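Overview (structure and organization)
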Amino acid sequence: GTPIGTGFKSINVRIRLMLDLYSNIRPVSYMKGLESPLKHPENVNLTIFRENTDDLYTGIEYKYDSKEAGEIRKFFKDKLNVDISDDSGIGVKPMSKYKTQRITRAAAKFAIENNKKKITIMHKGNVMKYTEGAFREWAYETLENEFGDYTSRDHSSKILVNDMIADNMFQQIITRPENYEVIIAPNIDGDYISDAAGALIGNIGTLGGANVGDDGGMFEAVHGTAPKYAGQNIADPMGLIRGSQLMMKYMNWHEAYDVIEKAIGEAIESKKVTKDLAKFFDVPALGTKEFGDSLVEIIENL
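Residues numbered from 1 in each chain as written. Predicted model: local features only at pLDDT ≥ 70, side-chain atom pairs only at ≥ 80, totals over all residues. Heavy atoms only, no water.

So, about the overall build of the protein chain. Broken down by element type, the protein chain carries 10 helices and 10 strands. Seen along its three principal axes, the alpha-carbon backbone of the protein chain occupies a region of about 70 × 50 × 40 Å. Relative to its full complement of 302 residues, the protein chain shows a buried share of 44%. Residue pairs at least 24 apart in sequence account for 69% of intrachain contacts in the protein chain once pairs closer than 6 positions are excluded. (Helix = DSSP H or I, 4+ residues; strand = E, 2+ residues; numbered from the N terminus. Buried < 20%, exposed > 50% of the residue type's maximum accessible area, 1.4 Å probe, protein only. Contact = heavy atoms within 4.5 Å.)

Counting residues in hydrophobic clusters, the biggest one holds 36 residues, and the most contacted among them are Met169, Ile173, Ile264 and Ile268. Counting residues per element, this core draws most heavily on helix H8 (residues 254-269), at 5 residues. (Core = buried A, V, L, I, M, F, W, Y, C linked by side-chain atoms within 4.5 Å.)

Here the focus is the environment of Asn187. Looking at where Asn187 falls in the secondary structure, it is placed in helix H6 (residues 187-200). Residues Asn187 and Asn24, spaced 163 residues apart in sequence, show a C-alpha to C-alpha distance of 8.7 Å.

As a further point, take unusual backbone geometry. Its identity as a non-glycine residue notwithstanding, Asn115 has a phi of 55°, on the positive side. Looking at where Asn115 falls in the secondary structure, it is placed in the loop between helix H3 (97-113) and strand E5 (118-123). For Asn115, a relative accessible area of 59% gives the class exposed.

Every buried residue of helix H5 (residues 166-175) is listed here: Ala166, Met169, Gln172 and Ile173. Down the axis, H5 shows its buried residues gathered within 100° of arc, on one side only. Buried residues along H5 sit against E5, strand E7 (159-165), strand E8 (182-185) and H6. (Arc of directions from axis to C-beta.)

Here we take up the pattern of salt bridges. Enumeration over the complete set of coordinates arrives at 17 salt bridges. Members of the salt-bridge network, linked through shared partners, are Arg26, Arg50, Asp191 and Asp195. (Salt bridge = Lys/Arg side-chain N within 4 Å of Asp/Glu carboxyl O.)

We now examine a nonpolar patch on the surface. Taken together, the side chains of Met247, Tyr250, Met251 and Trp253 make up a nonpolar region of the molecular surface, amounting to roughly 390 Å² of accessible area. Inspection of the secondary structure puts Tyr250 in helix H7 (residues 238-250). What makes Tyr250 partly exposed here is its relative accessible area of 37%. (Patch = residues over 30% accessible without salt bridge, like charges linked within 9 Å, V, L, I, M, F, W, Y side chains within 5 Å. Areas by Shrake-Rupley, 256 points an atom, 1.4 Å probe, with all protein chains shown as cover.)

Here Thr47 shows up in strand E2 (residues 45-51). Classification of Thr47 by relative accessible area gives buried; the value is 6%. Not counting the four nearest positions on each side in its chain, Thr47 is found in contact with Ile25, Arg26, Pro27, Phe110, Glu181, Val182 and Ile183.

Structure, rendered in structure tokens:
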């Protein structure tokens, strides 16, 4: 777990940056049996491509009373005529054309290979014009220049490309989830929207994520840590299992991926689940180990 407001920086983020794992890929689709807040959760089937090495997650920030923050505030006032109050911490939000292009390429290749019909660029470019606004423009430019044979802004037979301001994106995936298949987002936006998407299917704890670069990958649960459940045999391991599935897909172990997918679906339909889901199904909960054992049993009988 990463301390809040103090202490060391996220080890997870450091691994992503160190290995240049620039694509954070988070698939979200409804699983039959989950209790969702939506009337039609079966319409949720989207994949988020979150840029993983740029934006606020680079961790370039300085405490309000640090020497560095003071020097930055002075520079802004003296050189740029921008007055920042003395009690302000400073954070830097870099947004790179190169990094935007490569996450866009990853999303476009995925959309083409998986016969997707729509790509949506998420951004807050109406306010942050030269960072998130630039992200929007660079993404469009990359799709048009490099994938023009497959993508288009109009309703042609190609993959439809559009963009959505971040705050609108949140209400859109709730009210019209069926309209979204692939979402390209800057780092911070992608973090928020993938957690919101997880809530739409009823439980973010069931989701895994892939962090992929040109030379390797790291795979994980989408959710964060829960130290209060450590060692009690009650935590839901499904997020980590989903992460391992994405690792198998990355290594082209598609048969193994499919077998685990079937086992998870059967476990949920038969209500053999851990505490987080059992309370919704009104059934006795399995422990973490027992849930794993039940998946193994299901797999052996497939």
